[in-house]
Amino acid sequence: MFSILKQVGDYAKGTVEAAKYIGQGLSVTFDHMRRRPVTVQYPYEKLIPSERYRGRIHFEFDKCIACEVCVRVCPINLPVVDWEFNKDAKKKELKHYSIDFGVCIFCGNCVEYCPTNCLSMTEEYELAAYDRHELNYDNVALGRLPYKVTQDPMVTPLRELGYLPKGVISPHDLPEGSQRAGKRPEEIIEEAEASS
Ligand code: SF4
Ligand code: SF4
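For the structure given in this document, a descriptive report is provided here. Everything quoted here is computed from the prediction, not taken from an experiment.

Details of the site of ligand 1
- Near ligand 1, the surroundings consist of 14 residues, among which Cys64, Cys67, Glu68, Cys70 and Cys114 are the closest.
- Split by residue class, the shell around ligand 1 holds twelve nonpolar, one polar and one charged.

Re the site of ligand 2
- Taken together, Ile57, Cys74, Pro75, Leu78, Pro79, Cys104, Ile105, Phe106, Cys107, Gly108, Asn109 and Cys110 make up the full set of residues near ligand 2.
- Of the residues belonging to the shell around ligand 2, the class tally is ten nonpolar, two polar and no charged.

Some thoughts on the pairing of strand 3 (residues 80-86)
- In terms of strand pairing, strand 3 meets strand 4 (residues 91-100) through seven bridges, oriented antiparallel. Of the residues in strand 4, the one forming a bridge with Glu84 is Glu93.
- In this antiparallel pair of consecutive strands, strand 3 and strand 4, the connection spans four residues, and Lys90 shows a positive phi of 55°.

Things to note about the packing of aromatic side chains
- The full count for this structure, using the stated rule, is five aromatic pairs.
- With 4.9 Å between their ring centres and 80° between their planes, Phe101 and Tyr137 make a pair best called edge-to-face. Linking Phe101 in the loop between strand 4 and helix 3 (109-113) with Tyr137 in strand 6 (residues 136-138), this pair joins segments that are 36 residues apart in sequence. Pair check on accessibility: Phe101 and Tyr137 agree, each one buried.
- Grouping aromatic residues by their ring pairs yields a cluster made of Phe59, Phe61 and Tyr97.

Quick look at the nonpolar core
- Judged by nonpolar contacts, the single largest core of 23 residues is most densely connected at Ile57, Phe59, Tyr97, Ile99, Phe101 and Leu119.
- Those elements giving two or more residues to this core turn out to be strand 2 (57-59), helix 2 (69-73), strand 4 and helix 3.
- For this core, the element with the highest residue contribution is strand 4, accounting for three residues.

How each quantity is defined
Residues numbered from 1 in each chain as written. Chains lettered and ligands numbered in written order. Predicted model: local features only at pLDDT ≥ 70, side-chain atom pairs only at ≥ 80, totals over all residues. Heavy atoms only, no water. Near = heavy atom within 4 Å. Nonpolar A, V, L, I, M, F, W, Y, C, P; charged D, E, K, R; others polar. Pairing = 2+ DSSP bridges. Helix = DSSP H or I, 4+ residues; strand = E, 2+ residues; numbered from the N terminus. Phe/Tyr/Trp six-rings, centres within 6.5 Å; stacked < 30°, edge-to-face > 60°. Buried < 20%, exposed > 50% of the residue type's maximum accessible area, 1.4 Å probe, protein only. Core = buried A, V, L, I, M, F, W, Y, C linked by side-chain atoms within 4.5 Å.

That is the geometry; function is a separate question.
Structure, rendered in structure tokens:
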């Protein structure tokens, strides 16, 4: 008889303890509900990619000398450089250039090694298409100006965490007139001139 009562007592104690822990857990959960969500509401809000973001490649036809360095440094020899030798001018003449973004891994090697800087990486990452052949960009498509998050009137651009002012962790509630982290080039020049 006594042992049954003890068991009931222990069970009741255990239940009360478990209920206490559940209550504590729920209070933490409800406390989180009071905070502002840190969600970025794509597609109405978009994060501004960082300066060195490796998005879609931009190509300038007039600058390309058809040296094919971009092909050689590409891990999959992807860029297609179609040229003809111009016997009169005694130099290569570029006919077509294309990169298939369905195959590209956006490593940026081609951009890094191009001797004439005719390749560059843009901040454009929305390249989805219904047909994979549409991802094969020719020199005209590659030369198109990139989409910019900051120039889209439908989009609220938000700064990434590394570009928020000191002490701020949410891109939504930025203090008035706050700059991106780091100094602007003109500020660096001003400081250098003042100290010299
Ligand atoms: S490395 Fe640059 S210049 Fe040479 S073929 Fe490629 S894009 Fe043209
Ligand atoms: S980014 Fe990389 S994978 Fe894409 S074309 Fe250039 S070198 Fe090739």
